[in-house]
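# What the coordinates show
Spelled out from the first residue to the last, the chains are:
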Amino acid sequence: MARAPVINPPASTLLALYRTMVMARAIERRLWVLERLERMAPSIRVTGFEALQVAAAAALRPGRDWVVSGPLDLALRLAMGMSPLDVMLAVFEKASPYASSASRLVNTPAMGGRHVAQAAGIAYATQVSGRDEVTLVCTDERGIYTGDWHEGLNFAGAHGLPLICLVEEIAGGSRPIARHLEASPATRAEGYGLAAETLDGGDFGAASAAFGGLRPPEELEAQAWQDPIDRMRRRLAAAGGLSDDADDEIQRESARAIAAAVVEARQAPSPEGAQALDNVFSSDLVG
Amino acid sequence: MIEAVRAAITEEMERDERVLVMGEDVGRKGGVFGATEGLYARFGEARVLDTPLAESGIVGVAIGAALNGLIPIAEIQFADFIHPAFDQIVSEAARTRYRSNGDWSVPMVIRAPFGGGVHGGLYHSQSIEAFYAHVPGLKVVIPSTPADAHGLLKSAIRDPDPVLFLEHKKIYRLVAEEVPDGDHLVPIGPAVVRREGTNISCFAWGLMTHYCLQAAEQLAADGVSVEVVDLRSLAPLDRDTILQSVRKTGKAIVVHEDNITGGFGAEIAAIISEHAFDSLDGPVVRVAGPDIPAMPFNNAQEDFFMPNPTKIAEAMKKLAAY
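These notes cover the structure that comes with them. Since the model is a prediction, treat every value here as computed from it, not as a measurement.

### Comments concerning the overall build of chain A
When helices and strands are counted, chain A shows ten helices and four strands. Helices and strands appear in chain A in the N-to-C order α-α-β-α-α-β-α-β-α-β-α-α-α-α. Taken over 287 residues, chain A has a buried fraction of 46%. Pairs at least 24 apart in sequence give 74% of the contacts found in chain A among residues at least 6 apart. Summing over all exposed atoms, chain A offers an accessible surface of approximately 13,500 Å²; the carbon and sulfur share of this is 54%.

Structure (structure tokens):
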């Protein structure tokens, strides 16, 4: 299947991905403020996942490949075409955060793994139809404790489906079972016949290599947590693709875009209460 | 009726290559009741898919396939086994259109044989309709005749929303009739009056429709005219036909196998008392399974659990005399 080479993307691509990472972080910070000052919906943590998610997005083809994402995956959704305004309209309860069929972005509220089984179904439809599509499904590490995660991967492995399951580990998470076991999520996936590896999600290069083509398993060095945005900035600067002034401008651009999105979302019309009755069923009648 | 189910699936698979069936033993075996017999050879493994014994995964995969353009018919081998898939059905299939503000839809059918009186015991006899008829966004259809099974299933497959299609396994081979030729569709929603009457309105679905018709025949010998309404669809529910019938007869009885407390009969009774109270000439009566956890294996206890024509006729007589 034709896939974009991503292991060494050009500087312009790296810079675009870096902008997305910065934007995701800035939105997270803004949501944190909105939650506390205006009692908006609780914000979620995206810090630390940006490099991994934009690396994944860089390997996908927006509009063709499928993404089934969860609450952690803001940087991924931004990289796949969601705008800061889309985010803010949902935050201000003016639009659904789950409406994105045009971009094949299935945004789910699930923290567990039930959407992994659905992703396997999406990939099965791809296989049956003979289309050239890949499905990426994301779950945080808690998802692997659910039956649906295993049922989905079992189905995907049995049918050899074009599915990538990204398990995002939350540093400092409780890991109620994993701390007692040696088996990583990758080891469990291998049990279902899937190629799998564990990588440092804060390292864009490692993530990019993994999504561009799975590399042979290797032992990862234990690393202190490093901000993936800092690492990406150093990478770009070392390659001569990002000056301090340019970086400052990217930060300001993000702030301006988010501020504008907040203003527009505040001013957007709110649906009527009775519109809560809409879209329970299709209006198309059969028979 | 099982032939009608198989014919509907076959015709829809021939009509639309997006339609596929999936479930435990639906492929080579053709399903435990034979509903998919011959489809594997005819349509191939990709469209007649044997799945692991994992109901949540079956429904989850079907949801994903529907999101990506297919029209899955997911078979749950027995309705008793559907409970692991409750979260996928309620939180995902039924809610996807709503939570996406109409952007996504999940056109899929979940078929499940249900009901007792077949010596199936605790885990092959359950009636589950009340759990799911409670869920907006999900349609719940229960045919009682081969023609309806055929026409309603074809409509369900063409429906843009998820449909739970419950087939009473005792009538798979108990009831036979000619199915209309051609592309015969029965719309989901309207009830049908199986027997007209003037003294009592009787509401039922699935096997109980037939038992109610037998009971009505007994009552007729005593000069009591019973109208039997086969609801066919619990969601959407044909309230107009229910209320129209009760306003005519003034008395209502609801019959179902499910446990009486919280069974769907309670909803019908509430609708009648809220909207046709002035027409009532007696209490709304329910004939239903007792409030015990499941249908026992023991023959005497299974008989004790199941409504039957005699029990229904007794309740009708009592109501007629009220």
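### Regarding the sheet that holds strand 4 (residues 163-168) of chain A
Residues and elements named next belong to chain A. Pairing is parallel across the open sheet formed by four strands, whose spatial order is 2-1-3-4. Each edge of the open sheet carries a strand with a single partner, namely strand 2 (105-107) and strand 4. Ignoring which end each strand starts from, the neighbouring axes of this sheet average 15° apart. With three bridges joining them, strand 1 (residues 66-69) and strand 3 (residues 135-140) adopt parallel strand pairing. Within the sheet, the bridge partner assigned to W66 lies in strand 3 and is T135. Of the strands in this sheet, strand 3 and strand 4 are in contact with helix 6 (residues 147-159), which crosses strand 4 at around 150°.

### As for the packing of helix 6 of chain A against helix 3 (residues 55-67) of chain B
Between helix 6 of chain A and helix 3 of chain B, whose axes approach to 9 Å, the crossing angle comes to 65°. Considering the angle they form, helix 6 of chain A stands roughly perpendicular to helix 3 of chain B. For the pair helix 6 of chain A and helix 3 of chain B, the crossing hand works out as right-handed. Counting all contacts with helix 6 of chain A, which are made through D148, E151 and F155 of chain A, the residues of helix 3 of chain B involved are S56, G57 and V61 of chain B. Broken down by class, the residue content of the contact of helix 6 of chain A with helix 3 of chain B amounts to two nonpolar, two polar and two charged.

### Brief notes about the sheet that holds strand 7 (residues 192-195) of chain B
Residues and elements named next belong to chain B. The strand order across the open sheet built from five strands is 7-9-8-11-12, with neighbouring strands paired in mixed fashion. On the outer flanks of this sheet lie strand 7 and strand 12 (285-289), each paired with one strand and no other. For this sheet, the mean inter-axis angle between neighbouring strands, taken without regard to orientation, is 25°. Note that strand 11 (residues 252-259) and strand 12 share four bridges and pair parallel. Looking across to strand 12, one finds that I253 is bridged to V285. Running at roughly 150° to strand 11, helix 12 (residues 309-320) makes contact with strand 8 (200-204), strand 9 (226-230), strand 11 and strand 12 of the sheet.

### With respect to the interface of chain B and chain A
With 40 residues of chain B at the interface, the matching set in chain A holds 37 residues. Summed over both partners, the interface of chain B with chain A buries about 3,200 Å², with 62% contributed by carbon and sulfur atoms. If you sort the residues of chain B by the area they bury against chain A, N68, R99 and W104 of chain B come out on top, with a joint share of 21%. The shortest N-O distance in the salt bridge between R114 of chain A and D87 of chain B comes to 3.0 Å. Listed by contribution, the elements that provide at least two residues to the side of chain B that touches chain A are helix 3, helix 4 (86-93), helix 5 (96-99) and helix 7 (146-158) of chain B. No other element matches the eight residues that helix 3 of chain B contributes to the side of chain B that touches chain A.

### Let's talk about the layout of surface pockets
Residue and element names in this part refer to chain A. Of the pockets and cavities examined, the second largest pocket occupies roughly 530 Å³. In this structure, the second largest pocket is lined by 19 residues; those nearest its centre are I44, R77, A90, V91 and P97. Those elements that provide at least two residues to the lining of the second largest pocket are helix 3 (74-79) and helix 4 (84-91). For the lining of the second largest pocket, the leading source of residues is helix 4, giving four residues. Of the residues that constitute the lining of the second largest pocket, the class distribution is 13 nonpolar, three polar and three charged.

Calculation criteria
- Residues numbered from 1 in each chain as written.
- Chains lettered and ligands numbered in written order.
- Predicted model: local features only at pLDDT ≥ 70, side-chain atom pairs only at ≥ 80, totals over all residues.
- Heavy atoms only, no water.
- Helix = DSSP H or I, 4+ residues; strand = E, 2+ residues; numbered from the N terminus.
- Buried < 20%, exposed > 50% of the residue type's maximum accessible area, 1.4 Å probe, protein only.
- Contact = heavy atoms within 4.5 Å.
- Areas by Shrake-Rupley, 256 points an atom, 1.4 Å probe, with all protein chains shown as cover.
- Pairing = 2+ DSSP bridges.
- Axes fitted to C-alpha atoms, helices over the stretch in contact; angles between N-to-C directions.
- Parallel < 35°, antiparallel > 145°, perpendicular 65-115°, else oblique.
- Left-handed = near helix turned anticlockwise from the far one by under 90°.
- Nonpolar A, V, L, I, M, F, W, Y, C, P; charged D, E, K, R; others polar.
- Buried area = accessible area lost by both parts, 1.4 Å probe.
- Salt bridge = Lys/Arg side-chain N within 4 Å of Asp/Glu carboxyl O.
- 1 Å grid on protein atoms, 1.4 Å probe; cavity = no way out; pocket = protein on both sides within 12 Å on 5 of 7 lines; lining within 4 Å.
- Points joined across faces, edges and corners; volume = space filled by probe spheres on them.

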